[in-house]
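Here are the chains, one letter per residue:
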Amino acid sequence: MLDLTNAALRYGKHLALSGVGISIANNETVVVLGANGAGKSSLLKVLAGLVRPEPGADLTFEGKAVLGRPAHDFPELGIALVPEGRGIFGDLTVAENLQLGAHPPHARPHEKRQRDLVLDLFPRLAERQSQIARTMSGGEQQMVAIGRALMSCPKLLMLDEPSLGLAPIVTSELFLALGRISATGIAMLVVEQNVKASLAIAQRGYLMEAGRITGAGTAETLRADPAVQRAFLGAVA
Amino acid sequence: MLFSAILTGLVLGGTYALIAMGLTLQYGVARIMNLAYGDLIIAGSFGAMLLFTAAGINPLLALFIVVPSGFALSWLIYALMLQPLARRSPNRDRLEGDSILATFGLLFVIQGVALVLFGANYQSYSFLAVPIDVFGTTIAANRLLAFALAVLFGTGLWLLLTRTRFGTVIRAVAANPGSAPLVGINVDHVARLAFALGGGLAAAGGVVVSMYLTFSATMGVVFTMKALIVVIMGGVGNLLGALAAGLILGVVETLVSSFIDPGLTLAATYLIFLAVLVVRPQGLFGKPAR
Ligand SMILES: Nc1ncnc2c1ncn2[C@@H]1O[C@H](COP(=O)(O)OP(=O)(O)OP(=O)(O)O)[C@@H](O)[C@H]1O
Ligand SMILES: [Mg+2]
């Protein structure tokens, strides 16, 4: 459903991405692994239309070339991003955050259905509808951010380090929820430091290093890959 | 005497709150510090006067012409002049600086047109200048009407912002413009509408002002200053804060001018402004900077 080829991205002189290509199929969950500064967030920003790669790149989503469209068009296309740091509307209530998630025109008619789905997924939000989002715990804020993204009826949900800063028990709840989202048929692209948990819900993964894709494979092969084990799973070489 | 001064002060304060709401909308959402704001108010006053004296149109009806005109004019100003600035600004701080310079120029354009058309003299017209008895003191009916209109517009704006979908979108952009595109909000578009809405409120303020105050082509800057003071006192983007700050300012100014010396009015204005800034730099109801 999504194909990115040959993406390079510069911040001034710094080359954050070079020659990056990835693809995601329908219903698939794909994980991107890489050290700090490898360019994972930059990749998601390209895919969400928030930054423009250098000329020569190509991005198609469901057969349409979408590169160069403004970022606010992407949710309407069906691409939703839960950014690093969550990016929720902190001064607004939980209910308002969710309502804003349904801003794209195609999502409006399904607002009620999606809200029921979100509240079923995160029952905690149901009791907190009128709470100001900023006053919630980190885990609850992450639920708001994911809930808001789901309100836009995405075909592809991208999450940038959703478990960052969360306690282990909250993290495992989060991955349970991600598994359930994936089961509804939404494709997911997940950037994670929590390699074990993310490989457990993913079918495939990419490895990134210094702005390049340095490896790719199914979740099982990556789990067994000595390089991955050394770098991320704490195995002693 | 005291009661009458307070009543007069509340009326004036209501007008201050009304004009501050438009400015806080323009600044809070579009991040445009509009130095020509007061001149749009004065343009609204002239519009109402012209419609009243030349066409016999009652200022209440004039609102239906002047307010949409203020909206449309501000929409155009944003689209033609400010949007290019917003597009090329690398960040919002830069936009703030650029917008101050651009609207400073605009101030002289609007003022110049008003000077050419109406001259530099003070203007007024007499509408509903009949005394009304309020708890034992009298006040002109036009002042009561001015207050009622401020309440009406203030309530309307508050309902728009808190009870409608579009209002939620406006608040989302004001609070977190960087996240707005993630839910498909076109920030440019919302900023333009908020700026135009602020212009409509400025024009409404102008009509209200013209009903009970004298005004002149060069007075815009006074209103810009007062609106700015009220916005900062009340906390940027805070409607209830603007209301409280506007009322306080109106009452204090009137008390000072009736009981101490009219020449000290502006001094008193700046004194409370300074006091608020020193004690609560985030404004009366503003949140401390995070
Ligand atoms: N706005 C920016 N301006 C300049 N450099 C940037 C900017 N954003 C990212 N970079 C640089 O680009 C590189 C890739 O950053 P990116 O945020 O994509 O990494 P990441 O893999 O997400 O890292 P982390 O795991 O720490 O989140 C880094 O070297 C970073 O310093
Ligand atoms: Mg990152």
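The rules we used
Residues numbered from 1 in each chain as written. Chains lettered and ligands numbered in written order. Predicted model: local features only at pLDDT ≥ 70, side-chain atom pairs only at ≥ 80, totals over all residues. Heavy atoms only, no water. Helix = DSSP H or I, 4+ residues; strand = E, 2+ residues; numbered from the N terminus. Buried < 20%, exposed > 50% of the residue type's maximum accessible area, 1.4 Å probe, protein only. Contact = heavy atoms within 4.5 Å. Salt bridge = Lys/Arg side-chain N within 4 Å of Asp/Glu carboxyl O. Near = heavy atom within 4 Å. Polar contact = N/O pair within 3.5 Å; in protein donor to acceptor, adjacent residues only side chain to side chain. Areas by Shrake-Rupley, 256 points an atom, 1.4 Å probe, with all protein chains shown as cover. Nonpolar A, V, L, I, M, F, W, Y, C, P; charged D, E, K, R; others polar.

(A) Seen up close, the overall build of chain A. From N to C terminus, chain A includes ten helices and ten strands. If you line up chain A on its principal axes, its C-alpha atoms span 50 × 40 × 30 Å. The burial tally for chain A puts 53% of its 237 residues in the buried class. For chain A, the share of sequence-separated contacts (at least 6 apart) that also reach a separation of at least 24 residues comes to 67%.

(B) The arrangement of the side chain of B:Asp98 in detail. Here B:Asp98 is to be found in helix α4 (residues 92-118). With residues near it in sequence (within four places) discarded, B:Asp98 still touches B:Leu85, B:Arg88 and B:Ser89.

(C) Main features of the pattern of salt bridges. Inspection of every chain in the model, using the stated rule, returns 15 salt bridges over all chains. Taking the shortest distance from any N to any O, the salt bridge between A:Glu96 and B:Arg171 comes out at 2.7 Å. With A:Glu96 in helix α3 (residues 94-101) and B:Arg171 in helix α6 (residues 165-175), the pair connects residues from two separate chains. Of the charged contacts, one joins A:Arg128 and A:Glu140 as a salt bridge, the two residues approaching to 3.3 Å between their closest N and O atoms. Residue A:Arg128 is found in the loop between α5 (123-127) and α6 (138-151), and its partner A:Glu140 is found in helix α6; the two are separated by twelve residues along the sequence. Here A:Arg128 falls in the partly exposed class, since its relative accessible area comes to 24%. In this structure, a network of salt bridges that share partners links the residues A:Arg124, A:Arg128, A:Glu140 and A:Glu173.

(D) Broad picture of the site of ligand 1. All names here are of chain A. Residues in close proximity to ligand 1 total 14 residues, the closest being Gly-37, Lys-40, Ser-41, Ser-42 and Glu-84. Here an oxygen atom of ligand 1 and a side-chain polar atom of Asn-36 are 2.9 Å apart. The side chain of Glu-161 places a nitrogen or oxygen atom 3.2 Å from an oxygen atom of ligand 1. For ligand 1, the protein covers 63% of the area, taking 630 Å² as the surface of the free molecule. With three residues, helix α1 (residues 40-47) is the largest single contributor of residues to the shell around ligand 1. Of the residues in the shell around ligand 1, the class split is four nonpolar, seven polar and three charged.

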